[in-house]
There are 2 protein chains.
Amino acid sequence: MSTILALETSDVRFPTSTSLDGSDAMNLDPDYSAAYVRIVTDAEDGLEGHGFVFTIGRGNDVQVAAIQALAHHVVGRNAEELLAHMGATSREFLWDSQLRWLGPEKGVMHMAIGAVVNALWDLKAKRAGLPVWQLLGRMSPAEIVELVDFRYLEDVLTPEQALDILEAAVPGRAEREAQLLQTGYPGYTTTPGWLGYSDEKLVRLAKEAVADGFGMIKLKVGGNLQDDIRRLRLAREAVGPDILIGTDANQRWGVTEAIEWMSHLAEFDVTWIEEPTSPDDVLAHAAIARGVAPIRVATGEHMANRVMFKQFLQADALQVLQIDASRVAGINENIAILLLAARFGVPVCPHAGGVGLCEAVQHLSMFDFVAVSGTTDGRVIEFVDHLHEHFVTPVVMESGRYQTPTAPGNGMEMLPASRAQYAYVPAPEFASDAALA
Amino acid sequence: MSTILALETSDVRFPTSTSLDGSDAMNLDPDYSAAYVRIVTDAEDGLEGHGFVFTIGRGNDVQVAAIQALAHHVVGRNAEELLAHMGATSREFLWDSQLRWLGPEKGVMHMAIGAVVNALWDLKAKRAGLPVWQLLGRMSPAEIVELVDFRYLEDVLTPEQALDILEAAVPGRAEREAQLLQTGYPGYTTTPGWLGYSDEKLVRLAKEAVADGFGMIKLKVGGNLQDDIRRLRLAREAVGPDILIGTDANQRWGVTEAIEWMSHLAEFDVTWIEEPTSPDDVLAHAAIARGVAPIRVATGEHMANRVMFKQFLQADALQVLQIDASRVAGINENIAILLLAARFGVPVCPHAGGVGLCEAVQHLSMFDFVAVSGTTDGRVIEFVDHLHEHFVTPVVMESGRYQTPTAPGNGMEMLPASRAQYAYVPAPEFASDAALA
């Protein structure tokens with residue numbers, strides 16, 4: 001029996017805006033940041049639960065305050081009880097009606113719940129001595145169903161239907177686990193494609209990506225059409241005809257503009273257009289999907305919750321579903337989304353990058369392969385090669401594939417030294433603060 | 001020329017959970033609260049801008065932190081410049097890409113923008129010596145169009161179409177202003193209908209509502225079906241056949257349950273069912289609307305932004321549109337929503353109650369009457385009779401009608417004594433805190 005002693009938060013920011021890593025048509029100067037949470041118990045094992053919300057700078061303090069607002073649900077509670085019933089635990093956070101008013105189920109408060117839920121999963125997995133993907137992948141279908149909040153989903157996915165999906169994937173679980181451990185999970189890279197990079201850097205990084213074994217790269221688009229045409233042509237020439245090229249407009253357009261713009265890029269054999277418009281706009285994405293086919297629409301990294309994903313699937317408004325490890329209410333809600341995707345037969349290709357998102361989200365794709373969809377066909381996890389050095393168990397890429405993690409936990413634990421070094425204090429080294437000063 | 005000296009925030013909470021005023025099927029113990037903002041300049045007139053976000057208790061501190069995160073956009077700036085271009089000013093807040101990441105355009109950060117935008121409008125209106133409804137209602141159509149962020153709206157509403165709507169309402173503006181000042185704007189009351197009230201109290205308050213001149217009352221539903229049937233029968237008997245009765249499920253149901261439940265209440269001649277399910281679920285509301293007709297679906301108080309309203313209108317998922325004064329990004333975004341409603345010919349019946357929402361939202365309906373829809377047909381503003389005494393210019397109801405305010409400002413200024421008395425410090429007088437302690 002152990003008690004949770006503390007929910008400790010910290011505001012960690014990396015001054016990435018100085019290098020334009022991560023620049024796109026909407027986010028010109030991101031300072032990649034984490035609203036970080038650490039859960040400490042009085043157990044003799046000394047194990048802790050770690051999690052965070054990824055943000056891009058200003059407002060990370062607001063996100064930290066939101067995580068703190070959940071402390072009363074956790075501190076002083078029996079750890080075994082919370083961890084034994086992660087479905088009930090996550091619903092307790094979600095159905096705190098006073099906090100729910102601040103969303104409901106969206107934005108700062110919802111992401112805060114995600115961080116705490118993920119930190120509890122980290123603790124649970126460490127106690128089990130397993131990485132989260134494996135802990136989840138060894139739970140029974142009934143236990144997995146119990147993790148999900150089906151409210152607002154049942155017109156499309158009932159607990160019984162979810163159970164059927166999971167039962168169907170039970171045969172072969174052990175083989176897929178073994179396969180994962182041997183060969184990893186396919187990735188793709190966004191490293192060449194940031195909008196702030198020169199043509200020369202784009203071409204060099206695109207060639208390096210192919211040499212590194214990636215089967216797909218992605219380019220940011222939506223700043224200037226003539227630039228995009230030139231950059232896509234250079235990229236296609238650099239990688240050859242057999243490598244997939246995705247594009248990402250970061251919500252830049254309306255319906256007409258998206259369809260028109262993509263008509264000029266189609267000749268470069270684009271596999272998907274990501275975030276063509278507002279992540280809230282189901283009907284616009286559906287119209288765009290009809291207008292840009294056979295290019296597929298990919299979205300999800302900014303989608304607020306499972307209810308939005310449900311509608312995008314119902315309306316055929318996306319053909320590639322992009323979960324994010326820190327946008328929704330944690331692993332539990334992401335399991336709901338994986339089940340929805342499986343119900344519609346849509347591939348899940350997670351968003352990653354930022355700070356620690358690669359480390360975190362790989363667990364969800366690997367769990368999906370073992371216990372939900374049972375396949376990696378048409379599925380890739382985004383990879384961006386920065387800031388991994390700050391994590392206790394950084395991702396390992398080999399030949400363009402995520403090597404399957406075996407360390408216990410959810411992958412989100414940042415090194416104490418990094419947390420200390422990049423603890424935020426307003427200062428002119430942050431270009432965005434200086435510009436506003 | 002004046003400079004903004006300070007953006008001062010405060011955490012104000014009223015311990016309403018002790019009386020169950022405001023209780024519904026989802027919100028059992030609200031402590032009506034305001035994340036309050038006051039903008040101070042160095043102008044000799046001493047005028048201030050006031051605004052707030054309404055919350056229901058826990059997390060109000062998070063909302064306050066989010067408002068503070070906007071201070072750098074305001075403090076030290078030239079007041080005349082910000083106020084002269086309120087469209088550009090509000091877009092500056094919305095398109096701060098680092099802060100936008102925290103939504104985007106939803107939840108805590110978006111509501112914080114709303115509070116600051118509304119506080120600036122309060123200052124602008126006080127400087128003009130006009131109530132906000134009149135200030136807005138006297139702007140030219142072109143000036144009003146300039147206030148709106150059309151991004152993500154243009155598949156349905158272009159600036160040119162908005163201009164047409166506003167130009168069509170120019171004739172008769174002066175007459176409608178005069179009419180408003182003489183007769184006010186129709187209201188309806190939710191006071192009898194809270195779920196925590198006894199049958200006796202429900203009947204007594206329903207009869208009082210009719211005696212007070214209201215043409216419509218609203219009852220919370222969704223807790224227990226047999227209770228709802230009994231309460232609706234009592235209410236219908238109490239008010240007679242000529243008074244409208246609305247119902248409000250506060251997001252309690254899924255699609256099937258909503259249609260089934262309402263089939264049992266239809267015999268009591270219900271005019272609308274409000275928030276039958278998740279406020280994010282366009283497709284579910286559309287299905288419910290088809291299933292419960294001729295009862296209409298009303299929603300909007302929790303709708304995150306103009307993009308969601310647009311889709312609900314496109315999909316005929318609501319037949320009554322309920323704006324809220326503090327959920328979206330302030331008066332500017334609410335003008336976008338009023339224009340969308342006018343484009344679809346859907347009546348706007350604002351959500352109010354809470355703390356100061358009646359005081360604030362009446363300005364939007366009155367502006368709509370003067371300069372957008374040009375009518376009050378089928379339109380009513382919600383009224384709840386509590387906490388008005390804390391405001392500098394409390395609403396005045398006569399014969400069930402909002403009496404048109406003539407005091408300069410947006411109506412949101414709370415008395416300094418109330419702000420001081422209810423300044424929040426965690427304490428056991430808040431039942432919800434005590435329960436968790």
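How each quantity is defined
- In this convention, every chain numbers its residues from 1, walking through the sequence in written order.
- The naming scheme follows written order: chains are lettered A onward, ligands numbered 1 onward.
- Predicted model: local features are reported for residues with pLDDT of at least 70 only, side-chain atom pairs are reported and counted for 80 or more only, and whole-chain, interface and lining totals are derived from all residues.
- Here a helix means four or more residues in a row that DSSP labels H or I, a strand means two or more in a row labelled E, and each is numbered from the N terminus.
- Put simply, the radius of gyration uses C-alpha atoms, and a globule should come to 2.2 Å times the residue count raised to 0.38.
- Burial in this document is a count-based property: other C-beta atoms within 10 Å of a residue's C-beta are tallied, and the residue is buried at 20 or more, exposed at 12 or fewer, or partly exposed in between, with C-beta positions derived from the backbone.
- Two residues form a contact once the distance between their C-beta atoms, set from the backbone, is within 7 Å.
- Copy-to-copy alignment: least squares on C-alpha atoms, limited to residues at pLDDT 70 or above in both.
- The angle between two axes is taken between their N-to-C directions and runs from 0 to 180 degrees, where each axis is a line fitted to C-alpha atoms and a helix contributes only its stretch in contact.
- Roughly parallel means an angle under 35 degrees; roughly antiparallel, over 145; roughly perpendicular, 65 to 115; everything else is oblique.
- Classes in brief: Ala, Val, Leu, Ile, Met, Phe, Trp, Tyr, Cys and Pro nonpolar; Asp, Glu, Lys and Arg charged; the others, Gly included, polar.
- DSSP-based pairing: two strands are paired if at least 2 bridges between them are found.
- Between the first and last residue of a helix there are one fewer steps than residues, each counted as 1.5 Å, and that sum is the expected span.
- Throughout, a crossing is termed right-handed when the near helix is turned clockwise from the far one, and left-handed when it is turned anticlockwise from it by less than a right angle.
- By definition, the arc is the one covered by directions from the helix axis to the C-beta atoms.

Participant: Would you explain the overall build of chain A in this entry?
Facilitator: Across its full length, chain A holds 18 helices and 12 strands. For 437 residues, the compact-globule estimate of 2.2 N^0.38 gives 22 Å, and the C-alpha radius of gyration of chain A, at 21 Å, lies within 12% of that figure. Summarising its shape, the C-alpha atoms of chain A cover approximately 65 × 55 × 45 Å along the three principal directions. Across the 437 residues that make up chain A, the buried fraction comes to 61%. A separation of at least 24 residues holds for 77% of the contacts in chain A among residues at least 6 apart in sequence.

Participant: Is there a simple way to think about the relation of the copies chain A and chain B in this case?
Facilitator: What relates the pair of chain copies is a rotation about an axis plus a shift along that axis. Each copy superposes on the other: chain A lies on chain B with an RMSD of 0.0 Å after a rotation of 180 degrees and an axial shift of 0.0 Å. Each copy turns onto its partner about a two-fold axis. Nearest to the rotation axis, the C-alpha of Gly-107 of chain A is located 2.4 Å from it, this being the minimum over chain A. Taken as a fraction of all interface residues of chain A, those also at the interface in chain B reach 100%, which identifies the copy contact as same-surface.

Participant: Which parts of the structure should I look at to understand the packing of helix 14 (residues 306-314) of chain B against helix 15 (residues 330-344) of chain B?
Facilitator: When two helices pack together, their arrangement is given by the angle between their axes and by how far apart the axes lie. Residue and element names in this part refer to chain B. At a closest axis distance of 10 Å, the pairing of helix 14 and helix 15 adopts a crossing angle of 10 degrees. The orientation of helix 14 with respect to helix 15, classified from their angle, is roughly parallel. Contacts between helix 14 and helix 15 involve Arg-306, Phe-309, Lys-310 and Leu-313 from the first element and Glu-333, Ala-336, Ile-337, Leu-340 and Phe-344 from the second. Across the contact of helix 14 with helix 15, the residue classes tally to 6 nonpolar, no polar and 3 charged.

Participant: Explanation requested: the sheet that holds strand 1 (residues 4-13) of chain B in the structure shown.
Facilitator: Sheet strands line up and pair through hydrogen bonds in the backbone, either parallel or antiparallel. Residues and elements named next belong to chain B. The strand order across the open sheet built from 3 strands is 1-2-3, with neighbouring strands paired in antiparallel fashion. Of all strands in the sheet, those bounded by a partner on one side alone are strand 1 and strand 3 (48-55). When strand polarity is set aside, the average angle formed by the axes of neighbouring strands in this sheet is 15 degrees. As paired strands, strand 2 (residues 33-41) and strand 3 are joined by 8 bridges and run antiparallel to one another. Residue pairing across strands places Tyr-36 opposite Phe-52, the latter belonging to strand 3. Across the sheet, helix 5 (residues 107-128) touches strand 2 and strand 3, and the angle it forms with strand 3 is around 150 degrees.

Participant: Got a minute to help me understand the sheet that holds strand 3 (residues 48-55) of chain A in this structure?
Facilitator: Residue and element names in this part refer to chain A. Read from one edge to the other, the open sheet built from 3 strands follows the order 1-2-3, with strand pairing classed as antiparallel. The sheet terminates laterally at strand 1 (4-13) and strand 3, the two strands that pair on one side only. In this sheet, adjacent strand axes meet at a mean angle of 15 degrees when their direction is disregarded. Packing of helix 5 (residues 107-128) onto the sheet brings it into contact with strand 2 (33-41) and strand 3, and relative to strand 3 it is tilted by some 150 degrees.

Participant: Could you clarify how one ought to interpret the interface of chain A and chain B in this entry?
Facilitator: Much of the literature gives interface size as the accessible area that the parts lose upon coming together. On the side of chain B, 54 residues touch chain A, which itself brings 53 residues to the contact. Counting residues per element, the ones that place at least two in the side of chain A that touches chain B are helix 1 (60-68), helix 4 (97-100), helix 5, helix 12 (255-263), helix 13 (282-292), helix 14 (306-314) and helix 18 (431-436) of chain A. Of all the elements, helix 1 of chain A adds the most residues to the side of chain A that touches chain B, at 5 residues. Residue composition of the side of chain A that touches chain B, grouped by class: 25 nonpolar, 20 polar and 8 charged.

Participant: Would you take a moment to explain helix 16 (residues 357-372) of chain A for this structure?
Facilitator: In an α-helix, one turn spans 3.6 residues, which is why side chains three or four residues apart end up on the same side. Residues and elements named next belong to chain A. Taking 1.5 Å as the rise per residue, helix 16 with 16 residues should run 22 Å; its terminal C-alpha atoms sit 21 Å apart, in good agreement. Of all the 16 residues making up helix 16, 16 are buried; the element is thus mostly covered by neighbouring parts of the structure. Looking at the residues trailing helix 16, positive phi occurs at Gly-374, about 75 degrees.

Participant: Any chance you could explain the pairing of strand 3 of chain B here in plain terms?
Facilitator: Where burial is concerned, most of strand 3 of chain B is hidden: 7 out of the 8 residues are buried. Counting the residues in the hairpin turn of strand 2 of chain B and strand 3 of chain B gives 6 residues, including Gly-46 of chain B, whose phi is positive at 70 degrees.

Participant: What's the story with the pairing of strand 2 of chain A in this structure? I'm lost.
Facilitator: Consecutive side chains of a regular strand alternate in pointing toward one face of the sheet and then the other. All names here are of chain A. Across the 9 residues that make up strand 2, a large majority, 8, are buried. Sheet topology places strand 1 next to strand 2; 9 bridges connect them, and they run antiparallel. Along strand 2, the bridge assignment pairs Ser-10 with Tyr-36.

Participant: Is there a simple way to explain the packing of helix 15 (residues 330-344) of chain A against helix 16 of chain A in this structure?
Facilitator: Residues and elements named next belong to chain A. One way to put it is that helix 15 packs onto helix 16 with a least axis distance of 11 Å and a crossing angle of 50 degrees. Considered as vectors, helix 15 and helix 16 are oriented oblique to each other. Handedness of the helix 15/helix 16 crossing: right-handed. Residue-level inspection shows Asn-334, Leu-338, Leu-339 and Ala-342 of helix 15 in contact with helix 16, the latter providing Leu-364, Asp-368 and Val-372. Taken together, the residues that form the contact of helix 15 with helix 16 break down as 5 nonpolar, 1 polar and 1 charged.

Participant: Is there a simple way to think about the environment of Trp-253 of chain A in this case?
Facilitator: Residue and element names in this part refer to chain A. By the element assignment, Trp-253 lies in the loop between strand 6 (244-248) and helix 12. Owing to 25 C-beta atoms within 10 Å, Trp-253 belongs among the buried residues under this scheme. Between the C-alpha atoms of Trp-253 and Thr-277, which are 24 residues apart in sequence, the distance is 5.0 Å. Residues contacting Trp-253, with those up to four places away along its chain left out, are Gly-222, Ala-258, Trp-261, Pro-276 and Thr-277.

Participant: I'm lost on helix 10 (residues 199-211) of chain A in this one. Help?
Facilitator: Residue and element names in this part refer to chain A. Between its first and last C-alpha atoms helix 10 spans 18 Å; for 13 residues at 1.5 Å apiece the expected length is 18 Å, and the two agree. Leu-202, Leu-205, Ala-206 and Ala-209 are the residues of helix 10 that are buried. Down the axis of helix 10, the buried side of the element spans an arc of 105 degrees, and every buried residue falls inside it. Exposed and facing more than 90 degrees away from the buried side of helix 10 are Glu-200 and Ala-211. Check the buried side of helix 10 and you find it contacts strand 4 (185-193), strand 5 (216-220) and helix 11 (225-239). The first or second residue beyond helix 10 is Gly-213, which carries a positive phi of 105 degrees.

Participant: For this particular structure, what's the right way to read unusual backbone geometry?
Facilitator: Residues and elements named next belong to chain A. That bond from Gly-103 to Pro-104 is cis: its omega, -15 degrees, falls within 30 degrees of zero. In this structure, Pro-104 sits in the loop between helix 4 and helix 5. Phi is positive for Glu-105, which is not a glycine, with a value near 55 degrees. Relative to the elements of secondary structure, Glu-105 occurs in the loop between helix 4 and helix 5. The backbone of Leu-387 sits at a positive phi, close to 70 degrees, despite the residue not being glycine. Looking at the element boundaries, Leu-387 is found in the loop between strand 10 (381-383) and strand 11 (397-398). For Leu-387, a count of 24 C-beta atoms within 10 Å translates into the label buried.

Participant: Explain the environment of Val-210 of chain B here, please?
Facilitator: All names here are of chain B. Positionally, Val-210 belongs in helix 10 (residues 199-211). Between the alpha carbons of Val-210 and Ala-352 there is a distance of 19 Å; along the sequence they are 142 residues apart. Those residues within four positions of Val-210 in sequence are excluded, and the remaining contacts are Val-239 and Ile-243.

Participant: How do you make sense of the environment of Gln-251 of chain A when you look at a structure like this?
Facilitator: Residues and elements named next belong to chain A. Relative to the assigned elements, Gln-251 resides in the loop between strand 6 and helix 12. The class of Gln-251 is buried, set by 26 C-beta atoms lying within 10 Å. C-alpha separation for the pair Gln-251 and Arg-173, spaced 78 residues apart in sequence, amounts to 38 Å. With near-sequence residues (within four places) excluded, Gln-251 lies in contact with Met-26, Glu-275, Thr-277, Ser-278 and Pro-279.

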